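Single-letter residue listing:
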Amino acid sequence: MCLHSQSRPSPLTLEQKLKDHGLVDVAGLDSTICVSLMYAREDNFTGVLLYTDGLERAYLQPEAAAAVVRAQAELGRISPGHRLLIKDAARPMSVQRRMFRAVSGTHKANYVANPARGGGLHNYGLAVDITIVDQEGRELPMGTPVDHLGPEANIDAEEALVRRGVISETERQNRLLLRRVMTSAGFHTIRTEWWHFDLVNKAKARASFRRLDF
């Protein structure tokens with residue numbers, strides 16, 4: 001008799017796992033929203049490729065994805081031709097752990113939610129790192145790149161940063177535009193990162209959503 005080896009099912013991709021957890025492709029809801037995931041490349045603040053299986057789409061909880069769509073609609077209303085650009089969205093705990101290991105023991109670790117303490121809102125699909133691009137797809141100047149680790153990215157000292165010549169008034173106005181459209185859609189800011197927006201607080205996330213623990 002012949003023995004036939006049974007083929008093993010292929011492991012699920014990160015994208016499929018995100019879908020299986022009920023997350024949705026944001027740009028699938030509104031094709032005018034741009035996506036360029038910074039952790040799908042090595043030229044991010046960790047210097048490490050974190051999305052190792054080719055993830056290219058931005059996934060969020062349905063509530064958060066719908067809020068980004070509302071923000072894009074508001075941006076289109078008040079600044080026609082400009083579009084939102086998502087740089088990171090849902091981030092599973094496995095990726096959070098790789099990110100934290102990449103910066104552990106350096107000053108950069110202070111900017112990364114510790115997975116041993118439950119991670120952050122990205123790990124629930126309820127936070128987004130985002131900026132604005134012009135009609136040609138160029139990022140508007142914001143004074144720092146997304147994921148700049150330093151006080152120049154703080155949102156509570158922008159007028160002082162302008163007075164000191166650290167950022168320009170145009171860059172401050174671009175940040176204000178981003179905050180206007182995102183907060184109008186229900187997102188909340190954090191003090192140290194002009195590009196980061198949370199839909200809910202961590203207590204609400206823990207109570208009402210599943211952490212992306214894969």
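Everything numeric here is computed off the predicted structure, so don't read it as measured data.

Draft legend 1. Main features of the side chain of Asn154. For Asn154, the position within the fold is in the loop between β5 (127-133) and α5 (158-163). The class for Asn154 is buried, based on a relative accessible area of 12%. Contact partners of Asn154, with chain neighbours within four places excluded, come to Leu161, Arg175, Arg191 and Thr192.

Draft legend 2. Examining the nonpolar core more closely. Core analysis: the largest hydrophobic core is formed by 59 residues, its most contacted members being Leu84 and Met182. When residues of this core are traced back to their parent elements, those giving at least two are α1 (14-20), β3 (59-60), α3 (62-78), β4 (83-88), α4 (93-103), β5, α6 (169-184) and β7 (193-198). Those residues within four positions of Leu84 in sequence are excluded, and the remaining contacts are Ile33, Cys34, Val68, Ala71, Gln72, Leu75, Ile130, Thr131, Ile132, Leu178, Val181 and Met182.

Draft legend 3. Highlighting the side chain of Glu74. In this structure, Glu74 sits in helix α3. In this structure Glu74 comes out as buried when scored by relative accessible area, which is 18%. If we skip the residues at most four places from it in the chain, Glu74 touches Arg180, Val181 and Ser184.

Draft legend 4. Here's a closer look at α3. The first and last C-alpha atoms of α3 sit 25 Å apart over 17 residues, in line with the 24 Å expected at 1.5 Å per residue. Within α3 the residues assigned to the buried category are Ala64, Ala65, Ala67, Val68, Ala71, Gln72, Glu74 and Leu75.

Draft legend 5. Quick peek at α6. Compared with the 22 Å implied by 1.5 Å per residue over 16 residues, the 22 Å span of α6 between its first and last C-alpha is a close match. Within α6, the full set of buried residues consists of Glu171, Arg172, Asn174, Arg175, Leu177, Leu178, Arg179, Val181 and Met182. Contact partners of the buried residues in α6: α3, β4, β5, α5, β6 (188-190) and β7.

Draft legend 6. Local environment of the packing of α3 against α6. Contact geometry of α3 with α6 gives a least axis separation of 8 Å together with a crossing angle of 130°. The pairing of α3 with α6 is recorded here as oblique in orientation. Here α3 and α6 pass one another in a crossing that is right-handed. Residues Ala71, Glu74, Leu75, Arg77 and Ile78 of α3 pack against Leu177, Arg180, Val181, Met182 and Ser184 of α6. Across the contact of α3 with α6, the residue classes tally to six nonpolar, one polar and three charged.

Quick notes on the rules
- Residues numbered from 1 in each chain as written.
- Predicted model: local features only at pLDDT ≥ 70, side-chain atom pairs only at ≥ 80, totals over all residues.
- Heavy atoms only, no water.
- Helix = DSSP H or I, 4+ residues; strand = E, 2+ residues; numbered from the N terminus.
- Buried < 20%, exposed > 50% of the residue type's maximum accessible area, 1.4 Å probe, protein only.
- Contact = heavy atoms within 4.5 Å.
- Core = buried A, V, L, I, M, F, W, Y, C linked by side-chain atoms within 4.5 Å.
- Expected span 1.5 Å × (residues − 1).
- Axes fitted to C-alpha atoms, helices over the stretch in contact; angles between N-to-C directions.
- Parallel < 35°, antiparallel > 145°, perpendicular 65-115°, else oblique.
- Left-handed = near helix turned anticlockwise from the far one by under 90°.
- Nonpolar A, V, L, I, M, F, W, Y, C, P; charged D, E, K, R; others polar.

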